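The lines below spell out each chain.
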2 protein chains.
Amino acid sequence: MDELDWKLLSLLQDNARMTYTELARQIHLSVPAATERVKRLEDAGIIEGYVAKVNAVAAGYAVSALIAITVPQPAKVKFLKLLDTIPQILECHHVTGADSYIIRLVAVSMASLERLIEQINLYGETRTSIVMSTPLPPRALKQPPASK
Amino acid sequence: MDELDWKLLSLLQDNARMTYTELARQIHLSVPAATERVKRLEDAGIIEGYVAKVNAVAAGYAVSALIAITVPQPAKVKFLKLLDTIPQILECHHVTGADSYIIRLVAVSMASLERLIEQINLYGETRTSIVMSTPLPPRALKQPPASK
DNA sequence: GCTGAAACGTCGGAGCT
DNA sequence: AGCTCCGACGTTTCAGC
């Protein structure tokens, strides 16, 4: 993981469809050398994949929300199985603190969101935060400062 | 936005580096037709971009956390300016409910996380949830069910 | 990590349904 | 309007160094 690898990560986080030819040009290396570095980053699990970012509102999902929930230990397995069957649930993190899980989901309408929450809080008390705006849009991972 | 557009979105959310030739093959259309559809999805703002997913732990960030914070109205602008200067902050949503903002960030160590939180809670009371695991890894946006 | 050549993918224009 | 075909060009891949 040298400077050039971080430069590649930065370029690919910015535009995952950039050609190897262009990547090579930007890091001042030959095409096979750049390609080889990207392959190594993939094989090392540092690059987990390449995804298109879809705008939820433009795609017809009017509402995004974050839901925190506390689930009693014995119910956790069943709870996760339920989440798996609901495609509107986009992300779920198991966290420390007062809550067990924090979930990110989308819904086509408030009525739909209400139905989703009804299903979810069969497993525990929920706290719902509706996303009004995203002042800091998802950002690329940078090279950690050397001295920290 | 017909079935084929959703199929394209699904394929590109799964592998943003898929070639137009392969995309065309999968949706049983000619290459120019598939290319044209993708361009239209981009121009319509439905596809916002293409990003490489980087594994934070593999990249040297041992800790991920979600922080909820309540910021008094007059301090919000300064608060957002601070967030902008901290590269470890990857995401920030303005939400309804008890909290003003929910932030996602990474840190190389617990000590580093502590320093970041110290900076952030100059602006309000924070509630920190450290991510232990992600049982449901970030998922693709699917076509909303027609009947809801 | 570099070069060169063959295979493959991309992008435009003309013509078709 | 959207699709197909085709040719020129750019990109990827693999060999050998």
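Residues numbered from 1 in each chain as written. Chains lettered and ligands numbered in written order. Predicted model: local features only at pLDDT ≥ 70, side-chain atom pairs only at ≥ 80, totals over all residues. Heavy atoms only, no water.

Trainee: Looking at this model, I keep getting lost on the overall build of chain A. Mind explaining?
Mentor: Helix and strand counts for chain A stand at five helices and five strands. Reading the helices (α) and strands (β) of chain A from amino to carboxyl end gives α-α-α-β-β-α-β-β-α-β. Taking 15 Å as the expected radius of gyration for a compact globule of 148 residues, we find that chain A reaches 20 Å, considerably beyond that expectation. With respect to the principal axes defined by its C-alpha atoms, chain A has extents near 55 × 35 × 30 Å. When the 148 residues of chain A are sorted by exposure, 46% land in the buried category. When the accessible surface of chain A is summed, it comes to about 7300 Å², and 56% of that surface belongs to carbon and sulfur atoms. Charge centroids of chain A, computed over 16 positive and 15 negative side chains, lie 2 Å from each other. (Helix = DSSP H or I, 4+ residues; strand = E, 2+ residues; numbered from the N terminus. Rg over C-alpha atoms; globule rule 2.2 N^0.38 Å. Buried < 20%, exposed > 50% of the residue type's maximum accessible area, 1.4 Å probe, protein only. Areas by Shrake-Rupley, 256 points an atom, 1.4 Å probe, with all protein chains shown as cover. Lys, Arg positive; Asp, Glu negative; His and termini not counted. Charge placed at Lys NZ, Arg CZ, Asp CG, Glu CD.)

Trainee: It is not clear to me how the environment of A:D43 should be interpreted in this structure. Could you clarify?
Mentor: Residue and element names in this part refer to chain A. Topologically, D43 is positioned in helix 3 (residues 31–43). Judged by its relative accessible area of 69%, D43 is exposed. Taking the C-alpha atoms as reference points, D43 and Q88, separated by 45 residues in sequence, lie 30 Å from one another.

Trainee: Help me understand helix 2 (residues 20–27) of chain B, please; the structure alone is not making it clear to me.
Mentor: Note: α-helices contain 3.6 residues per turn, so residues at a spacing of three or four share the same orientation. All names here are of chain B. Considered for burial, the residues of helix 2 that qualify are L23, A24 and I27. Projected onto a plane normal to the axis of helix 2, the buried residues spread over an arc of 100 degrees and lie on a single side. Buried residues belonging to helix 2 abut helix 1 (3–14) and helix 3 (31–43). Positive phi shows up at H28, right after helix 2, with a value of about 60 degrees. (Arc of directions from axis to C-beta. Contact = heavy atoms within 4.5 Å.)

Trainee: Explanation requested: empty space enclosed by the protein in the structure shown.
Mentor: The gaps of empty space that remain are located by a probe, the size of a water molecule, rolled over the atoms. In the structure shown here, the tally under the stated rule is two cavities of 30 Å³ or more. Estimated volume of the largest cavity: approximately 110 Å³. Along its surface, the largest cavity is lined by 14 residues, and A:A68, A:I102, A:R127, B:A68 and B:I102 are the ones closest to its centre. Counting only elements with at least two residues in the lining of the largest cavity, the list comes to strand 2 (63–69) and strand 5 (126–136) of chain A together with strand 2 (63–69) and strand 5 (126–136) of chain B. Classifying every residue of the lining of the largest cavity by side-chain character gives eight nonpolar, two polar and four charged. The computed volume of the second largest cavity comes to approximately 90 Å³. Contributing to the lining of the second largest cavity are 13 residues, with A:L66, A:E91, B:L66, B:E91 and B:R104 lying nearest its centre. Those elements that provide at least two residues to the lining of the second largest cavity are strand 3 (89–95) and strand 4 (101–107) of chain A together with strand 3 (89–95) and strand 4 (101–107) of chain B. (1 Å grid on protein atoms, 1.4 Å probe; cavity = no way out; pocket = protein on both sides within 12 Å on 5 of 7 lines; lining within 4 Å. Points joined across faces, edges and corners; volume = space filled by probe spheres on them. Nonpolar A, V, L, I, M, F, W, Y, C, P; charged D, E, K, R; others polar.)

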